[in-house]
Amino acid sequence: MDGAFPSTQRAPDRGGHRLAIFDFDGTLADSFPWFVGVLNGVADRYGFNRVQADEVELLRGYDARKIMRHLQVPGWKLPFIANHMRRLMASDIDGIRLFDGVPDMLRAITERGVTVAIVSSNSVENIRRILGPEATGQIAHYGCGASLFGKAAKFRRMLRVTGIPASHAIGIGDEVRDIEAARKVGMACAAVAWGYTRGDALAARHPDRLLTRVEEIPGLFGG
């Protein structure tokens, strides 16, 4: 987890968040070490630049578009790369864990009457296996298989499915694109500094909240 970052300004009071839409990898699941471990094999398979060990922290400060440019990943290959990564994760699933405190956090916010959803580029099968039965029971809706820049569309669908307006929803994720997608649909956004993107890079995008501990998440919902 990154060093201490002060929370940015508290999200404006919009009548209370009734829907929490979580990203999964890097937000609920500690999959970044696995991702780094398989990335160069994927680079060799799909013909983009390998990542040197001393580049990892640099790339954690970039948004997705800048990472693609740095690694020279053609946009048309992204769906194939994403499908391959999902299959790789399925084969390595037993080595990937939730961050400490996630099941308790999910239970705490559902007990406050908050509807919990996950929107992710990962597969629902992988997500449920990593969550386990207890945490899976706290998730009301899934929007899986999102494209790299397709989260806003998944957010809009989640708002329609739940019937909860954007003014009462918050997106919680660990990447710049999570902040951008939430803002695109008029939702509040909270960024977590323990995932794929460095806390300073997230802070520069001024999310409504910047969190450094899983235990801070229930505080977004009062109580």
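The coordinates are above.
Caption draft 1: Spatial organisation of the packing of aromatic side chains. Evaluation of the coordinates by the stated rule reveals 5 aromatic pairs. Aromatic side chains Trp-76 and Phe-80 sit 6.3 Å apart centroid to centroid with 75 degrees between the ring planes, which places their arrangement in the edge-to-face category. Judged by relative accessible area, Trp-76 falls into the exposed class, the value being 60%. Residue Phe-80 is classed as partly exposed on the basis of its relative accessible area, which comes to 46%.

Caption draft 2: Just the environment of Gly-199, in detail. As for its position among the elements, Gly-199 is in helix H9 (residues 199–203). With a relative accessible area of 0%, Gly-199 lands in the buried category. Sequence spacing of Gly-199 and Glu-175 is 24 residues, and the spatial spacing of their C-alpha atoms is 9.5 Å.

Caption draft 3: Here's a closer look at the environment of Thr-110. Mapped onto the elements, Thr-110 comes out in helix H5 (residues 102–110). Assessed through its relative accessible area of 23%, Thr-110 is described here as partly exposed. Spatially, the C-alpha atoms of Thr-110 and Gln-138 are 6.7 Å apart, while their sequence positions differ by 28 residues. Beyond its immediate sequence surroundings of up to four residues, Thr-110 is in contact with Val-116 and Gln-138.

Caption draft 4: Molecular detail of the pairing of strand E2 (residues 115–119). In terms of residue burial, E2 counts as a mostly covered element, since 4 of its 5 residues are buried. Inspection of the sheet shows strand E1 (residues 19–22) paired to E2 by 4 bridges, in the parallel sense. Residue pairing for E2: Phe-22 is matched across the bridge by Ile-118. Of the pairings in the sheet, the one linking E2 to strand E3 (residues 141–143) comprises 3 bridges and is parallel in character. Residue pairing in the sheet places Val-119 in a bridge with Gly-143 of E3.

Caption draft 5: Geometry of the packing of helix H4 (residues 78–91) against helix H6 (residues 124–136). H6 packs onto H4 with a crossing angle of 30 degrees between their chain directions and a minimal axis gap of 10 Å. For the element pair H4 / H6, the angle class is roughly parallel. Our pair here, H4 against H6, has a crossing hand that is left-handed. Residues Arg-86, Met-89 and Ala-90 of H4 form the contact with H6, whose participating residues are Asn-126, Arg-129 and Ile-130. Here the residues of the contact of H4 with H6 sort into 3 nonpolar, 1 polar and 2 charged.

Cut-offs applied
- Residues numbered from 1 in each chain as written.
- Predicted model: local features only at pLDDT ≥ 70, side-chain atom pairs only at ≥ 80, totals over all residues.
- Heavy atoms only, no water.
- Phe/Tyr/Trp six-rings, centres within 6.5 Å; stacked < 30°, edge-to-face > 60°.
- Buried < 20%, exposed > 50% of the residue type's maximum accessible area, 1.4 Å probe, protein only.
- Helix = DSSP H or I, 4+ residues; strand = E, 2+ residues; numbered from the N terminus.
- Contact = heavy atoms within 4.5 Å.
- Pairing = 2+ DSSP bridges.
- Axes fitted to C-alpha atoms, helices over the stretch in contact; angles between N-to-C directions.
- Parallel < 35°, antiparallel > 145°, perpendicular 65-115°, else oblique.
- Left-handed = near helix turned anticlockwise from the far one by under 90°.
- Nonpolar A, V, L, I, M, F, W, Y, C, P; charged D, E, K, R; others polar.

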